[in-house]
Amino acid sequence: MKVYKNRYLEKYLKRDIKEKILILTGPRQSGKTMLSKHLYPSSIDYGYFNYFDPVDRLVLERKEWNRNCKYLVFDELHIKKNWKRWLKALYEKTGLNPGIIVTGSARLETYRRSGDSLAGCFFPFRLHPLDLKEINQINKKVKPEQILNHLLEVGGFPEPYFKGTKQFYNRWKKTHSEAILKEDMLELDKYHRISQLETLLELLKSRVGQTVQYENFSKTLQCDGKTVKKMLDLLEGFYFIFKVSPYYKNINKSIRKQPKYYFYDIAQIQDKGARFENLVACALLKQNHLKEDGYGETRGLYYLRNKDKKEIDFLLTKNSVPFQMIETKWKEDKLSSHFDLFAKDLPASIKKIQLVKELVREKTTSAGHEIRRASSWLQSMD
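Everything numeric here is computed off the predicted structure, so don't read it as measured data. (Residues numbered from 1 in each chain as written. Predicted model: local features only at pLDDT ≥ 70, side-chain atom pairs only at ≥ 80, totals over all residues. Heavy atoms only, no water.)

**A word on unusual backbone geometry**
Here the bond from Asn97 into Pro98 is cis, since omega is 0°, no more than 30 degrees from zero. Relative to the assigned elements, Pro98 resides in the loop between α4 (83-94) and β4 (99-104). Positive phi, normally seen in glycine, also occurs at Gln258, with a value near 55°. If you trace the backbone, Gln258 turns up in the loop between β6 (241-246) and β7 (260-263). For Gln258, a relative accessible area of 26% puts it in the partly exposed group. (Helix = DSSP H or I, 4+ residues; strand = E, 2+ residues; numbered from the N terminus. Buried < 20%, exposed > 50% of the residue type's maximum accessible area, 1.4 Å probe, protein only.)

**So, the environment of Ser105**
Tracing the sequence through the fold places Ser105 in the loop between β4 and β5 (122-126). Under the relative-accessibility criterion, Ser105 is labelled buried at 12%. When the C-alpha atoms of Ser105 and Lys260 are compared, they prove to be 22 Å apart, with 155 residues separating the residues in sequence. In terms of polar contacts, Ser105 uses its side chain to reach the side chain of Lys32, at 3.3 Å. (Polar contact = N/O pair within 3.5 Å; in protein donor to acceptor, adjacent residues only side chain to side chain.)

**Quick word on the nonpolar core**
Leu200, Leu204, Ile241, Leu284 and Leu378 are the most contacted members of the largest nonpolar core, which has 67 residues in total. Per-element accounting of this core gives the leading share, nine residues, to helix α12 (residues 272-295). Sequence-distant contacts of Leu378, that is, excluding residues within four places in its chain, are made with Leu132, Lys133, Leu279, Val280, Ala283 and Leu355. (Core = buried A, V, L, I, M, F, W, Y, C linked by side-chain atoms within 4.5 Å. Contact = heavy atoms within 4.5 Å.)

**Re the sheet that holds strand β10 (residues 321-329)**
Judged by pairing direction, the sheet is mixed, and its eight strands sit side by side in the order β7-β6-β8-β9-β10-β11-β13-β12 without closing on themselves. Of all the strands in the sheet, the pair left with one neighbour each is β7 and β12 (363-364). Here strand β11 (residues 351-356) pairs with strand β13 (residues 369-373) via five bridges, running parallel. Bridge pairing in β13 places Lys352 opposite His369. In the packing of helix α11 (residues 225-237) onto the sheet, the strands contacted are β6 and β7, and the crossing angle to β6 comes to about 120°. Each of β6, β7, β8 (299-305), β9 (311-318), β10 and β11 is contacted by α12, which is oriented at about 150° to β8, the strand it contacts most. (Pairing = 2+ DSSP bridges. Axes fitted to C-alpha atoms, helices over the stretch in contact; angles between N-to-C directions.)

**A closer look at the sheet that holds strand β1 (residues 21-25)**
Reading across from one edge, β2-β3-β4-β1-β5 is the order of the five strands in this open sheet, with parallel pairing throughout. If you trace the sheet from one side to the other, it starts and ends with β2 (46-50) and β5, each paired once. With strand direction ignored, the average angle separating the axes of adjacent strands in the sheet is 20°. Note that β1 and β5 share five bridges and pair parallel. When the bridges of β5 are listed, Ile23 appears paired with Pro124.

**Some remarks on empty space enclosed by the protein**
Inspection of every chain in the model, using the stated rule, returns five cavities of 30 Å³ or more. Of the volumes computed, that of the largest cavity is approximately 160 Å³. Only α5 (132-138) and α12 provide two or more residues apiece to the lining of the largest cavity. With four residues, α12 is the single largest residue contributor to the lining of the largest cavity. (1 Å grid on protein atoms, 1.4 Å probe; cavity = no way out; pocket = protein on both sides within 12 Å on 5 of 7 lines; lining within 4 Å. Points joined across faces, edges and corners; volume = space filled by probe spheres on them.)

**Quick look at the pairing of β6**
Of the strand pairs in this sheet, β6 and β7 are connected by four bridges, and their pairing is antiparallel. Its bridge partner lying in β7, Lys243 is registered against Tyr261. Here two bridges tie β6 to β8, and the two strands are oriented parallel to one another. When the sheet's bridge partners are listed, Pro246 is paired in β8 with Tyr303.

In structure tokens:
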């Protein structure tokens, strides 16, 4: 029996359920269905319909649901032909009586089979796996360093995290990856061989935190650079990986291409330093998406790198203005000299933070640099 834990998006979904259709996307098994079913305490408060289920499918086609409940959950609705047109017509004819949540394991723009627009009818929300900040809010009795270590071992997807063992995680990740590659992706893109995608993922795992040139994968995958990019876009569209691009505005000699890729399932990464950097990347992206989806802000996540290969792991922007530089280190408490190299081209108010996994003592400098214990900073990040 699954134990439900209050998730960080719950209050935002409750706030908006009567305002617009809510499109809830995110990685497979990140908890979208459980969250959608538990906005209110009683099962009579909602109607749940999965389009894979033939009985539910017939109910949806006939529109024979209970209109006295608070809201409806439509799972896997993208399978329905012209689902956007159907949903928009429903919204325009009946309004939000009851409210509607649509869930799916791919970004809305990934469902290209229907070109009909839902513009003006919906609010998007992206549910991420658990991170240190969310787990700390669920259970404040566990020390942040313990949470961080457990995340690094089994990742942040709810089921393996709460099961708590590496053995369970290893069994879970196999079925999780196969479900995405062999069910979700093939349904929408039948032109890529599963073996190519699996090989590409293995190549990426050893390159987390490193820049990627599409042509470098071409020989191994026996395809051209454009095809490699298309496969990466597909993996990104299904929340398997995400891309962090270089920031180059006003940065002297900055590179302008060569993105980096990170995994939503951080425990797949073997190198501990790269896994820690991936964990931080996930936390930063999750916070950005929350600020965008919940508050309407415009956020950006980049990295800094020049042609001399000097680099800062992450740069965050708000309304296109850089406000925070972040460098990750496993144990190094000596401040990176690269902060000042890039800071001269950025706003004077920008924060310069070095996050260290194993740090004895936190420090700040007279120039405003911060060396912070990662577990403490990540539990209270904003």
